[in-house]
Amino acid sequence: MISKQDLFQGTTFNAQLQGAIYTDIVAMREWFPTIYPYQYQYPQYIAVLLQGTVQITIGGQDCPLPLSMVLPPNFPDLPPYATIPIPPGFPLKPSNGLQPNGTINTACFFQWIPRKSRLAQYVNAIIQYLSSNPPFTMADGLRLTPPKTSAPSSQGGSQYGGMQQQYPNQYQNQYSQYPNQYPQQSMPPKPQVNLAEIQEQAVVEAMSIVDDLNRKIMANEHQIMENKLVCDMADIINDVQTILNDHVSKSKEELKSLNAQPLPEVPIDPEIEQQLETRAKEETYDEVKEVLRETFLAQAITVDEYFQTVRDISKNHFRQVLLPSMSS
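These figures come from a predicted structure and were not determined experimentally.

Cut-offs and rules
Residues numbered from 1 in each chain as written. Predicted model: local features only at pLDDT ≥ 70, side-chain atom pairs only at ≥ 80, totals over all residues. Heavy atoms only, no water. Helix = DSSP H or I, 4+ residues; strand = E, 2+ residues; numbered from the N terminus. Buried < 20%, exposed > 50% of the residue type's maximum accessible area, 1.4 Å probe, protein only. Contact = heavy atoms within 4.5 Å. Areas by Shrake-Rupley, 256 points an atom, 1.4 Å probe, with all protein chains shown as cover. Phe/Tyr/Trp six-rings, centres within 6.5 Å; stacked < 30°, edge-to-face > 60°. pLDDT = per-residue confidence, 0-100. Core = buried A, V, L, I, M, F, W, Y, C linked by side-chain atoms within 4.5 Å. Pairing = 2+ DSSP bridges. Axes fitted to C-alpha atoms, helices over the stretch in contact; angles between N-to-C directions.

Okay, the overall build of the protein next. Secondary structure summary: the protein contains seven helices and four strands in total. Among the 328 residues that make up the protein, the fraction classed as buried is 33%. Considering only intrachain contacts with a sequence separation of at least 6, the fraction spanning at least 24 residues in the protein is 63%. Accessible area for the protein stands at about 20,500 Å²; split by element, carbon and sulfur atoms hold 56% of it.

Under the criterion given, the structure shown has eleven aromatic pairs. Ring geometry for phenylalanine 296 and tyrosine 306: centres 5.0 Å apart, planes at 20°, overall stacked. Residue phenylalanine 296 is found in helix α6 (residues 270-297), and its partner tyrosine 306 is found in helix α7 (residues 303-327); the two are separated by ten residues along the sequence. Judged by relative accessible area, which is 25%, phenylalanine 296 ranks as partly exposed. Tyrosine 306 sits in the buried class, given a relative accessible area of 16%. Within the aromatic cluster, the residues linked to one another by ring pairs are Phe75, Phe110, Trp112 and Tyr122.

Per-residue confidence for the protein gives a mean pLDDT of 80, with 81% of residues at or over 70. In the predicted structure, residues 146-193 sits below a pLDDT of 50 and forms 121 contacts with residues beyond four places in sequence or in another chain.

Moving on, we get to the nonpolar core. Grouped burial of nonpolar side chains is what soluble globular proteins tend to show. Residues Met28, Ile35, Leu71, Ile104, Val123 and Phe136 are the most contacted members of the largest nonpolar core, which totals 44 residues. Counting residues per element, the ones that place at least two in this core are α1 (4-8), α2 (18-31), β2 (46-58), β3 (61-71) and α3 (119-132). Setting aside its immediate chain neighbours within four residues, leucine 71 contacts Phe13, Ile21, Ile25, Val48, Leu50, Pro80 and Leu119. If you look at the next biggest cluster of nonpolar residues, it comprises seven residues, including Tyr38, Tyr40, Ala47 and Val70.

In terms of burial, β3 is largely enclosed, as eight of its eleven residues are buried. Summarising the sheet, β2 and β3 pair through eleven bridges and their orientation is antiparallel. By the bridge assignment for β3, leucine 50 is matched with methionine 69. From the end of β2 to the start of β3, which pair antiparallel, there are two residues, and glycine 59 there has a positive phi angle of about 60°. Bridge count for β3 against strand β4 (residues 81-83) is three bridges, and the pairing is antiparallel. Among the inter-strand pairings, methionine 69 is bridged to a residue of β4, identified as alanine 82.

Okay, the environment of alanine 47 next. Mapping alanine 47 onto the fold places it in strand β2. Residue class for alanine 47 comes out buried when judged on its relative accessible area of 2%. Put simply, alanine 47 and leucine 71 are 24 residues apart on the chain and 7.0 Å apart in space, counted from C-alpha to C-alpha. What alanine 47 contacts, discounting residues up to four positions off in sequence, is Tyr38, Gln39, Tyr40, Tyr42 and Val70.

Read across the open sheet, the four strands follow the order β1-β2-β3-β4; overall the sheet is antiparallel. Of all the strands in the sheet, the pair left with one neighbour each is β1 (35-41) and β4. Along the sheet, successive strands turn relative to each other by an average axial angle of 30°, direction set aside. Sitting on the sheet, α2 touches β1, β2 and β3, and the angle it makes with β1 is about 140°. Along the sheet face, α3 touches β1, β2, β3 and β4 and points at about 40° away from the line of β2.

With ten of its 13 residues buried, β2 lies for the most part within the structure. Pairing geometry for β1 and β2, over seven bridges, is antiparallel. What sits directly across from tyrosine 38, in β2, is leucine 49. Connecting β1 to the next strand, β2, in antiparallel fashion are four residues.

What follows is the structure in structure tokens.
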């Protein structure tokens, strides 16, 4: 039998699960020793194939059944893709669990539980289903040449070696459209197993579970910290808003109180008031003269009009401003 290193070399299987997968293959061969694992080189990737013969019952008699299975890259999360390799024109009897091209729809009669179901259970379920739903007559089955029972080469040693090229790349699509019509089948009596292999498989699965739990714990811790920060920020914002609301309310009350108080009347000295009024008139007089000068420079008025206007406002300024201030 091919070694684990040679079987998985160049494949994309999870390195932490390769030991458990290999142990599962070894355990499956203890029940079905005529099924062999080997690599198959597709144009774009390397696959792990399980190929050989099993015995089904047709009319109370044993009949050899050629069986080929390919493990998807995400095995054991998804089950193998199984098929009966048949030559063109072979009279295959399709059923709910078997397509005319030989593809076995195991989802119809077997519920694969990710990382818990075993290959031996899977193969046994296929045998029981095809024994209850024979894919061909006894005569046709005896005429169907099965793959060799000796270990095949890495490129497929049987006359059906070329059929692996028919496998699709997306295995999961083969299982999503069929309901689980049959319960998971029981296993035949279990032979003696290798405790070291079982322990290795258990350790690998336990490590995978621990890693998954650690990732979930870290994700939850980050979420808890983020939630705490959000809650702290919300508390700070509420405190600041409360303080600001208090200040705003207090300021409104103070402003309302100030508006309610009348402004005090401040007496102004009559002399100062007279001086301010005189100064305002003088500033007005100067501004008028400046406007007249600019108007004259802009040639908007004649020289005579300019001087006449200046004399008029000067007389008026003297009578209304200068003369009263001198008399006082």
